[in-house]
Amino acid sequence: MDTKDKNIEASSSQNRDVDGDPPQITPTDTSRETGNPPRFLIVKRIEGDFARVNPFTIEKNLYGVIGNAKNISKIREGLLVETVSAAQSRCLLKAKKIGEFAVEVVPHNNLNTSRGVIYCQDLLNCSIDEILEGLKDQGVLAVRRIKIKRDGNLIDSPNHIITFNNPVLPKRIKVAFYSLPVRLYVPPPMRCFKCQKFGHTSLRCQEEQICICGKPLHVGSPCEEPLTCINCNGSHSARSRNCPIYKQETAIQEIKVKENISYFEAKKRILINTPTPNVSYAKATSSPPKSDYTSLVDQLIPKIVAAILPLIKQDPPSQTSNIDSEKRKREMSPDFVSLLQEMRLP
Ligand SMILES: [Zn+2]
Ligand SMILES: [Zn+2]
Ligand SMILES: [Zn+2]
């Protein structure tokens, strides 16, 4: 057992599994209530999909309904549309037909929100519901209190994770008579409790159950040396924060939230930005079957960890929290479509 392991963050009012998905929030209704409709919408066909449809026809018909959008891209669920304005979002949300196709329009689950951390000792005197009530007129959808481990016990900390109904994180938030800075929240890497690998949860795991020591699960008996990390083959437990794969996953999480992209896109972006001699750009950016992709990534990760980490470390927390949100958004947009297109599964 790796005694250096510490659970710095744990579940809060929403009982989030440490290895599980983040709590599911439903930005749709709340964001409509606050008069701030989501800007990333998915247009789904009621029957079938857009796979065998003329793209010129789709574009013409869509623009006929809402005018020119900022971005359109095809994703598995349908068409992902980034609108240019709140009014355009409202218009698209009401659409029932695009040309001859019956459709429904729903907000994208993750792209319409952002999460930040605020520090406030006084909030420890409030329940989570009271905090949410006090902040909801600023577009706050959810509040979680970060817990820390002290002497083996989990205790509440003054740090709170705030989910906003807007992909652009505000720089400050008003908490009663305080005006507090909002830091970008980077979630810890997601590690499966069943197979100990990163990037999925035990609920979706189809791998064999492995102990953190690298041996088959042994209930009731302690882990014995030698420890072998399932992720990097190093002599530490799969929970070790010194594991190069853990550090790599932390870097992926940071890119994911900074760029407002999916986990797989963030992982891919690291590969694209770090060409290796044995893998061509085309191979790294093609869409191989998922299993091939995973093994390709796993082979490359140890080689690129060293290149990525110094870059991440140069970015101190204060800069992270003060990231210019508008600039971030502008930088994100040109790559947005191509990344999503590349992401499509075969
Ligand atoms: Zn698993
Ligand atoms: Zn063990
Ligand atoms: Zn390791």
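Residues numbered from 1 in each chain as written. Chains lettered and ligands numbered in written order. Predicted model: local features only at pLDDT ≥ 70, side-chain atom pairs only at ≥ 80, totals over all residues. Heavy atoms only, no water.

### Things to note about the confidence of the model for the chain
Low-pLDDT portions of the prediction should not be read for the details of their coordinates. What counts is decided by this rule: Scored from 0 to 100, pLDDT reflects the predictor's confidence in each residue. Two residues form a contact once any of their heavy atoms are found within 4.5 Å.
Taken residue by residue, the chain gives an average pLDDT of 75. The fraction at 70 or more is 68%. Here residues 1–34 scores under 50 on pLDDT; set against residues more than four positions off or in separate chains, the count is 80 contacts.

### Concerning the sheet that holds strand 4 (residues 97–98)
How we decide: When DSSP finds two or more bridges between a pair of strands, those strands are recorded as paired. Only DSSP runs of H or I covering at least 4 residues are called helices, and only runs of E covering at least 2 are called strands; the numbering of each starts at the N terminus.
Strand order across the open sheet formed by 5 strands is 2-3-1-5-4, with antiparallel pairing between neighbours. With partners counted over all chains shown, the strands left at the sheet margins are strand 2 (71–75) and strand 4, one partner each. Of the pairings in the sheet, the one linking strand 2 to strand 3 (residues 78–82) comprises 5 bridges and is antiparallel in character. The residue of strand 3 that forms the bridge with Asn 71 is Glu 82.

### A short note on the pairing of strand 9 (residues 172–175)
Formally: Partly exposed residues are those whose accessible area sits between 20% and 50% of the maximum for their type, while under 20% is buried and over 50% is exposed, using a 1.4 Å probe and protein chains only.
Going residue by residue along strand 9, you find Ile 173 and Val 175 tucked away on one face and Arg 172 and Lys 174 left uncovered on the opposite face. Sheet topology note: the strand 9/strand 10 (residues 178–181) ladder contains 4 bridges and is antiparallel. Following the sheet pairing, Val 175 is matched in strand 10 by Tyr 178. Connecting the antiparallel pair strand 9 and strand 10 is a turn made up of 2 residues, with Ala 176 showing a positive phi of about 50°.

### Some words on the coordination of the zinc ion (ligand 1)
Rules: Think of the donor list as every N, O and S atom within 2.8 Å of the metal, or within 3.2 Å for Na, K and Ca; water never makes the list, so a site can look incomplete. Site shape is set this way: if four donors have all angles between 85 and 135 degrees, tetrahedral; if opposite donors are over 155 degrees apart and all others between 65 and 115, square planar for four donors and octahedral for six; otherwise irregular.
Every protein donor of the zinc ion (ligand 1) is accounted for by Cys 192 (SG), Cys 195 (SG), His 200 (NE2) and Cys 205 (SG), and the metal-donor separations fall at 2.1 to 2.3 Å. In this structure, the zinc ion (ligand 1) is surrounded by 4 donor atoms whose angles at the metal cover 102 to 116°, and the resulting shape is tetrahedral. All donors of the zinc ion (ligand 1) belong to a single chain; written as a sequence motif, their spacing is C-x2-C-x4-H-x4-C. According to the relative accessible area criterion, His 200 is partly exposed, its value standing at 21%. What makes Cys 205 buried here is its relative accessible area of 10%.

### Focus on the environment of Arg 204
Within the secondary structure, Arg 204 sits in the loop between strand 11 (183–184) and helix 5 (244–259). C-alpha separation for the pair Arg 204 and Lys 194, spaced 10 residues apart in sequence, amounts to 9.8 Å.

### Quick look at unusual backbone geometry
Here the residue pair Glu 225 and Pro 226 is connected by a cis peptide bond, since its omega of -5° sits within 30 degrees of zero. By the secondary structure assignment, Pro 226 is in the loop between strand 11 and helix 5. Positive phi, close to 50°, is recorded for Ala 176, a residue that is not glycine. On the secondary structure map, Ala 176 appears in the loop between strand 9 and strand 10. Looking at Ala 176, the relative accessible area reads 54%, which means it is exposed.

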